[in-house]
Each structure stands twice: as structure tokens, then as C-alpha cells.
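Survey of secondary and tertiary structure
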Amino acid sequence: MKKYFILSVAVLMSALSFTACGDDNENDDPTPAVNEKEVAMEAITTQYVNNVIFPIYKSLAAKTSDLFDQLVEAKAKFRAGTLTQGDIDKVCNTFIAARSAWEQSESFLYGAATDFGIDPHIDTWPLDRVALAKALSSAEIIEDLDDLDDGGIDNARALVGEQQLGFHGIEFIIFRNGQHRSLAALQGTETDEAFAGRNITGEQELVFAAAVAGDLRDKCFQLEVSWLGEKAPQSHQDRVEECEFPSTVASGDWSYGENMLNATKSGSTLRTWRNVMNTILVAGCSNICAEVAGQKIGQAYTGADTDYIESPYSQRSYYDFFDNITSIQYSIYGQQQTTAHANSIMAYLEKYNPTIAADLKAKLDAALSALNTAKSGAPFVTDTHSANAKAAMDAINTLDEAINEAASWIAAN
């Protein structure tokens with residue numbers, strides 16, 4: 001499961017927090033070129049935190065909040081007999097938007113997402129449909145899930161188990177075979193083979209989906225508040241406090257954004273600006289490269305685990321992978337654009353080592369291109385051993401090598 005892979009990120013971040021990259025005494029080095037680079041790295045960090053991490057987490061929080069509201073409304077309309085296919089389509093489209101925001105955040109899973117177990121809490125697969133069928137067969141569990149103000153959200157994990165939570169539990173309810181779930185299907189009983197003989201209704205499924213969406217929203221609020229601190233909407237801060245979720249770096253009262261922006265200062269876990277660059281590139285970008293190639297594609301492609309397929313019900317695996325590599329692009333370019341900001345890692349490399357910069361850009365473009373091609377072909381869940389899957393996996397592995405080469409050069413220079 002994904003959670004075991006993420007543990008390696010926690011170990012890596014622990015090492016990064018206490019081990020500076022490059023020269024430990026770089027702040028004492030009087031060489032003008034070194035000081036110039038430090039100034040550039042600080043500007044890169046400011047641009048990256050404020051224009052990549054902050055807006056993506058704000059978008060994720062807003063879209064998961066919309067998803068929760070729409071599923072609560074869909075549940076009410078279903079009971080009133082007024083739910084339409086248009087209502088279901090709206091929920092599905094909001095889910096896709098929220099899902100994209102999450103996948104575009106995965107190049108910075110270090111920090112709050114890992115420290116607080118938010119990933120894998122909201123993004124574990126494969127879904128345990130047998131356990132879900134059993135849970136939804138319990139009138140007591142359904143009643144608790146239905147009471148959104150008294151345990152349905154806060155206790156969702158205890159009620160149905162973590163492997164049924166997050167995006168993929170909701171995905172199963174509102175998508176099937178790559179299509180939006182039909183109103184007619186929800187008006188009948190669940191036909192998935194894991195639910196045979198249990199007579200689970202669409203109403204029960206929507207009760208579950210709404211409660212899980214509430215849990216998803218709350219954890220995304222936690223991510224937003226953990227990074228933005230007091231810059232997050234007050235209502236989101238209030239909800240995180242109500243849930244009693246931690247939202248500051250363990251070493252003190254700083255948000256994760258403040259911790260990174262205040263690198264080199266007393267109290268920050270990041271001792272040098274090169275430490276920050278290494279965190280962005282290795283703990284962030286390289287880590288998600290390794291996960292996409294080795295886990296998300298590699299597990300099913302090699303046959304190591306043929307059920308390890310992300311987003312199988314919406315059949316949007318390649319879209320998830322594309323958004324993951326887009327997340328890397330944003331991190332390296334310092335903005336949510338396809339061109340590099342002047343204060344970005346790419347611009348820094350173009351100035352100080354154009355050969356590495358050109359190679360990194362070419363391999364980033366190649367990985368995105370391979371995934372674009374894959375998106376236009378058969379869904380990953382229906383053809384896990386395709387040439388498109390192999391081409392994407394190889395391109396991402398090559399990108400990973402280029403990212404680590406760039407990180408090593410920055411650390412040493």
C-alpha cells in the first residue's frame with residue numbers, strides 16, 4: 001500500500017532536517033559568488049512557497065469543501081426524489097478538479113502531508129470493497145455516518161477503516177468504468193461483486209460518500225493551515241482547531257511555510273538554503289518521480305501487484321500521473337506555468353549551469369509528453385502492460401536521474 005512507500009519520505013526528511021547539503025559553513029564563506037547564490041536561493045524559496053505551495057493547497061481546500069457540500073446536497077436530493085443526472089455530473093466534475101489539485105501537490109508531500117499522516121489517509125488504494133460492503137451493511141454505521149455533526153466525519157476512519165477513506169472511497173461511489181455513475185444505478189442496489197447479497201442502496205452509498213468527503217475536506221484544511229498558517233481562511237483555521245489537528249512544525253510554533261521561508265534562522269529545521277533546494281528537488285520532486293514510476297505504474301506493469309492501480313473507477317490513472325509530473329514542473333519553474341520564473345530553480349540552473357538546465361528541461365518535457373500520449377490511449381487499468389505505460393515509466397525514471405544530478409550539482413556548488 002502507498003503508506004509504506006511514504007514512510008521512506010519521513011525518514012528522508014528526518015535526515016534532511018539535520019544534515020545540511022553542500023558546505024555546512026556556506027554562510028561564513030566570503031566569496032561573492034557564494035553569497036550571490038544564497039541570495040538567489042532565498043528568492044527562489046520565497047517564490048516557490050508563495051506561488052506554488054500556497055495556491056495549490058488553497059485550491060485543494062476550496063475544491064474539497066465544494067465536493068463535501070455537493071455530496072451532502074446530493075444525499076438530501078436523493079431522499080427527496082429530486083436528484084438528477086446533472087447533479088451527479090456536477091459532483092464528478094468537482095471531484096476531478098479536487099483530485100487534480102491534490103495530485104499537483106505531490107511534489108511537496110514532505111512536511112505536513114507526511115508528518116501528520118494526511119497522505120496516505122486521503123489517498124490509499126486499492127479500495128477494500130469487501131470491507132466497505134460489510135461496513136455499509138451495518139445500520140449502526142450508516143446512522144453514525146449520516147450524522148455529519150456528531151461523529152460521521154470525525155469518526156469515519158474508525159467506522160469504515162482507513163483503506164476506504166479519501167478520494168478512492170468517493171471515486172467508487174460516483175464513477176464506474178470511466179464514466180460518471182448513472183442516476184439509475186444509484187436508484188437500484190449496488191451490483192459490484194463484493195456487495196453480492198447485501199442489498200446496499202444508493203442512499204447508503206451517498207451517506208458514506210458525504211461523510212468521507214467531510215473527512216477529506218478536513219484533512220485538506222489541515223494541509224492548508226499547516227502551510228499557510230494565519231494566511232489560511234479563518235473558517236478553515238477554526239475547523240482545524242475544532243478537529244484538534246496539529247498544524248505547526250514539531251520543533252516550534254511556525255507553520256511549514258514559515259519554517260521554509262525562515263531557513264537558516266534559529267528555530268527552522270532547514271539549516272541552509274542549499275538544504276531547501278535539496279528538499280524541493282530530492283525529498284519533493286525525486287520522491288514523486290520514484291513513486292510514479294516504481295509504484296503507481298511499476299507495481300501493476302511488472303506484475304508485482306496487479307491490483308495496485310490508482311483511480312481505477314474513473315479510469316484517470318494517467319491524468320493523476322500527468323498531474324504529478326506537472327507538480328514537479330511547477331516546483332522547478334517556481335510558478336504554475338509552463339515557463340520558468342526568474343526566481344526559480346530552472347532559472348538558477350540556466351544561469352550557473354546551462355548544460356544541466358537544458359538536460360533537466362528536456363527530460364521534464366519528455367516525461368510530460370509520454371504521459372500525454374498515454375492519456376490519449378487505453379486507460380491504465382485496462383492495459384497495465386502497454387507500450388505507453390513502459391514509455392512513461394522510462395521517461396519518468398530518466399527525469400528522476402536528471403533531478404538528482406541537478407540537486408547534487410547545486411549542493412556541491
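In what follows, the accompanying structure is described.

About the criteria used
- Residues numbered from 1 in each chain as written.
- Predicted model: local features only at pLDDT ≥ 70, side-chain atom pairs only at ≥ 80, totals over all residues.
- Heavy atoms only, no water.
- Helix = DSSP H or I, 4+ residues; strand = E, 2+ residues; numbered from the N terminus.
- Rg over C-alpha atoms; globule rule 2.2 N^0.38 Å.
- Buried < 20%, exposed > 50% of the residue type's maximum accessible area, 1.4 Å probe, protein only.
- Contact = heavy atoms within 4.5 Å.
- Areas by Shrake-Rupley, 256 points an atom, 1.4 Å probe, with all protein chains shown as cover.
- Lys, Arg positive; Asp, Glu negative; His and termini not counted.
- Charge placed at Lys NZ, Arg CZ, Asp CG, Glu CD.
- Axes fitted to C-alpha atoms, helices over the stretch in contact; angles between N-to-C directions.
- Parallel < 35°, antiparallel > 145°, perpendicular 65-115°, else oblique.
- Left-handed = near helix turned anticlockwise from the far one by under 90°.
- Core = buried A, V, L, I, M, F, W, Y, C linked by side-chain atoms within 4.5 Å.
- Phe/Tyr/Trp six-rings, centres within 6.5 Å; stacked < 30°, edge-to-face > 60°.
- Patch = residues over 30% accessible without salt bridge, like charges linked within 9 Å, V, L, I, M, F, W, Y side chains within 5 Å.
- Salt bridge = Lys/Arg side-chain N within 4 Å of Asp/Glu carboxyl O.
- Arc of directions from axis to C-beta.
- Polar contact = N/O pair within 3.5 Å; in protein donor to acceptor, adjacent residues only side chain to side chain.

**Details of the overall build of the protein**
- Broken down by element type, the protein carries 18 helices and two strands.
- By the compact-globule yardstick of 22 Å for 413 residues, the protein fits well, its C-alpha radius of gyration being 22 Å.
- If one aligns the C-alpha atoms of the protein with their principal axes, the spans along those axes are about 75 × 50 × 35 Å.
- In the protein, buried positions account for 56% of the 413 residues.
- Looking at the protein alone, contacts between residues at least 24 apart form 77% of all its contacts between residues at least 6 apart.
- As displayed, the protein offers around 16,000 Å² of accessible surface, 48% of which is attributable to carbon and sulfur atoms.
- A gap of 3 Å separates the mean positions of the 30 positive and 58 negative side-chain charges of the protein.

**Here we look at the packing of helix α15 (residues 317-333) against helix α17 (residues 354-375)**
- Two elements in contact, α15 and α17, have axes whose closest approach is 9 Å; the angle formed by their N-to-C orientations is 160 degrees. In terms of their interaxial angle, α15 and α17 are classed as roughly antiparallel. Note on packing geometry: the crossing formed by α15 with α17 is left-handed. Contacts between α15 and α17 involve Y318, Y319, F321, F322, I325, T326, I328, Q329, I332 and Y333 from the first element and L360, K361, L364, D365, A367, L368, L371, N372, A374 and K375 from the second.

**Describing the nonpolar core**
- In terms of nonpolar packing, the biggest core is built from 129 residues, with L71, I297 and I328 touching the most fellow members.
- In terms of residue count, the dominant contributor to this core is helix α2 (residues 32-80) (16 residues).
- Once you skip the residues sitting within four places of it in the chain, I297 turns out to touch V292, F321, F380, A389, A392, M393 and I396.

**Re the packing of aromatic side chains**
- According to the stated counting rule, one finds 15 aromatic pairs in the structure shown.
- With a centroid separation of 5.2 Å and an interplanar angle of 75 degrees, the aromatic rings of F172 and Y313 are classed as edge-to-face. Separated by 141 residues along the polypeptide, F172 in helix α9 (residues 166-174) and Y313 in the loop between α14 (273-302) and α15 bring together distant segments of the chain. Y313 matches F172 in its accessibility class, with the two residues each being buried.
- Between W227 and Y256 the ring centres are 5.8 Å apart and the planes differ by 40 degrees, which places this aromatic pair in the tilted class. Of this pair, W227 sits in helix α11 (residues 202-228) while Y256 sits in helix α13 (residues 256-261), placing them 29 residues apart in sequence. Judged on exposure class, the residue W227 and its partner Y256 are both buried.

**Details of a negative patch on the surface**
- Negative charge collects at one region of the surface, where E140, E143, D144, D147 and D149 lie side by side.
- According to the relative accessible area criterion, E143 is exposed, its value standing at 57%.

**Overview of helix α7 (residues 139-146)**
- Along α7, the residues classified as buried are I141, I142 and L145. Taken down its axis, α7 places every buried residue within 100 degrees of arc, on the same side. The exposed set on the far side of α7, more than 90 degrees from its buried face, consists of A139, E140 and E143.
- Lining the buried residues of α7 we find α6 (129-136), α8 (156-160) and α11.

**Describing the pattern of salt bridges**
- Enumeration according to the criterion identifies 24 salt bridges in this entry.
- In this structure, the salt-bridge partner of D218 is R239, at a minimum N-O distance of 2.8 Å. Placement of the pair is D218 in helix α11 and R239 in helix α12 (residues 234-243), with a sequence separation of 21 residues.
- For K361, the salt bridge identified is with D365, shortest N-O distance 2.9 Å. Of this pair, K361 and D365 both sit in helix α17, four residues apart, roughly one helical turn.

**Overview of the side chain of S311**
- On the secondary structure map, S311 appears in the loop between α14 and α15.
- On the basis of relative accessibility, which here comes to 2%, the residue S311 falls in the buried class.
- A polar contact of 2.5 Å, which involves the side chain of S311, links it to the side chain of D320.
- What S311 contacts, discounting residues up to four positions off in sequence, is R99, H168, E171, R316, S317 and D320.

**Details of the environment of H341**
- Residue placement: H341 occurs in the loop between α15 and α16 (345-352).
- The partly exposed category is assigned to H341, whose relative accessible area is 24%.
- Distance from H341 to D365, taken between C-alpha atoms, is 17 Å for residues 24 residues apart in sequence.
- If we ignore the near neighbours within four places in the chain, the residues touching H341 are Q47, Y333, G334, Q335 and A347.

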